[in-house]
Amino acid sequence: MWTACSPDVPAPPASSISHTRLQAVSGATSNEVRLLRRAADGDERSVRALYDTHAGRVRRTVVRVLGPHDPEIDDVVQRVFLAALDGAGRFRGDARLSTWLMGIAARRALDERRARHRRTRWQSVTERVGVGSGPWRPDQRHEARVEAERLLGLLTPEQRDVLVLKEFEGHTYQEIRDMTGAGISTLHARLQAARRRLAAG
């Protein structure tokens, strides 16, 4: 009967076994590290191999965050690989290359979603105060932003804080209370006062 260790061959230390198994499960292979380094150095075949190997999983991660019909999916996927090439020098191989790329994909997709949320909130506020409705030409968008900032300057700091946190950033009253220490009824009153001040211009 076969045994794990024969009398003639000493067993490796337990710590060595566990380290080897851990590296095999959670660390990058030397081929993965070399592939990323070559791709970052501009080797086109390595860039293509990196993309072909991981694009599917990167895309699925982005889709889970943005949704399957989002028009920015392909753009975000490209940004993920550009970020990976730019940051290749920081990849130490502690995790598998695929795991590292999925982390970048999740962060980039979340960044896109947050940026879009802020843009939408800003547009809704400028529309509410009568600056105009989008989509705007670049010059109109700039004018709308300048006018909205002028109107925000008419508010007290407390009114402006609750307006920005609620209307621009999308926080709930509970979250704003935790951030500012003000009661929910006070926050609601400040927001209503801010809206009236903006409407008056």
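Note that the coordinates shown come from a computational prediction; the quantities given were computed from them, not determined experimentally. (Residues numbered from 1 in each chain as written. Predicted model: local features only at pLDDT ≥ 70, side-chain atom pairs only at ≥ 80, totals over all residues. Heavy atoms only, no water.)

1. Considering the packing of helix 2 (residues 30-40) against helix 3 (residues 44-66)
- Their axes nearest at 7 Å, the elements helix 2 and helix 3 cross at an angle of 125°. For the element pair helix 2 / helix 3, the angle class is oblique. Helix-helix and strand crossings are classified by hand; for helix 2 and helix 3 the assignment is left-handed. Along the contact surface, helix 2 presents Leu35, Leu36, Arg38 and Ala39, while helix 3 presents Ser46, Val47, Ala49 and Leu50.
- In terms of residue class, the contact of helix 2 with helix 3 is built from six nonpolar, one polar and one charged. (Axes fitted to C-alpha atoms, helices over the stretch in contact; angles between N-to-C directions. Helix = DSSP H or I, 4+ residues; strand = E, 2+ residues; numbered from the N terminus. Parallel < 35°, antiparallel > 145°, perpendicular 65-115°, else oblique. Left-handed = near helix turned anticlockwise from the far one by under 90°. Contact = heavy atoms within 4.5 Å. Nonpolar A, V, L, I, M, F, W, Y, C, P; charged D, E, K, R; others polar.)

2. Observations concerning the nonpolar core
- Counting residues in hydrophobic clusters, the biggest one holds 25 residues, and the most contacted among them are Leu50, Val58, Val62 and Leu101.
- Looking at this core, the elements with two or more residues in it are helix 2, helix 3, helix 4 (73-86) and helix 5 (97-128).
- Broken down by element, this core gets its largest block of residues, seven residues, from helix 4.
- Residues within four places of Leu50 in sequence aside, it is in contact with Leu35, Leu36, Ala39, Phe81, Leu85, Leu97 and Leu101.
- Listed in part, the 14 residues of the second largest apolar core include Leu165, Tyr173, Ile176 and Leu187. (Core = buried A, V, L, I, M, F, W, Y, C linked by side-chain atoms within 4.5 Å. Buried < 20%, exposed > 50% of the residue type's maximum accessible area, 1.4 Å probe, protein only.)

3. Some points on the environment of Thr172
- Inspection of the secondary structure puts Thr172 in the loop between helix 7 (157-168) and helix 8 (173-180).
- Judged by relative accessible area, which is 39%, Thr172 ranks as partly exposed.
- When the C-alpha atoms of Thr172 and Ile184 are compared, they prove to be 9.8 Å apart, with 12 residues separating the residues in sequence.

4. Details of the pattern of salt bridges
- This model, assessed by the stated rule, comprises six salt bridges.
- The salt bridge partner of Asp74 is Arg59, with a shortest N-O separation of 2.3 Å. Placement of Asp74 in helix 4 and of Arg59 in helix 3 is noted, with a sequence separation of 15 residues between them.
- Classification of Asp74 as partly exposed rests on a relative accessible area of 46%.
- A residue is classified by how much of its surface remains accessible, and Arg59, at 36% relative accessible area, is partly exposed.
- One salt bridge connects Arg92 with Asp94, and the closest N-O pair in it is separated by 2.9 Å.
- Using a relative accessible area of 71% as the deciding quantity, one classes Arg92 as exposed.
- According to the relative accessible area criterion, Asp94 is exposed, its value standing at 52%.
- Bridged by salt links that share partners, the residues Asp75, Arg79 and Glu112 form one connected network. (Salt bridge = Lys/Arg side-chain N within 4 Å of Asp/Glu carboxyl O.)

5. Some details on the confidence of the model for the protein chain
- With 72% of its residues at a pLDDT of at least 70, the protein chain reaches an overall mean of 78.
- At the level of individual helices and strands, the protein chain shows its lowest average pLDDT in helix 1 (residues 14-26), which scores 38, and its highest in helix 4, which scores 96.
- Here residues 1-25 is a poorly scored stretch, pLDDT under 50, and it has five contacts once near neighbours within four places are set aside; other chains count. (pLDDT = per-residue confidence, 0-100.)

6. With respect to the packing of helix 7 against helix 8
- Relative to each other, helix 7 and helix 8 sit at 140°, their axes nearing to 10 Å. Between helix 7 and helix 8, the angle falls in the class oblique. Of the two elements, helix 7 crosses helix 8, and the hand of that crossing is right-handed. Across from Val162, Leu165 and Lys166 in helix 7, the residues of helix 8 making contact are Tyr173, Ile176, Met179 and Thr180.
- Partitioning the contact of helix 7 with helix 8 into residue classes produces five nonpolar, one polar and one charged.

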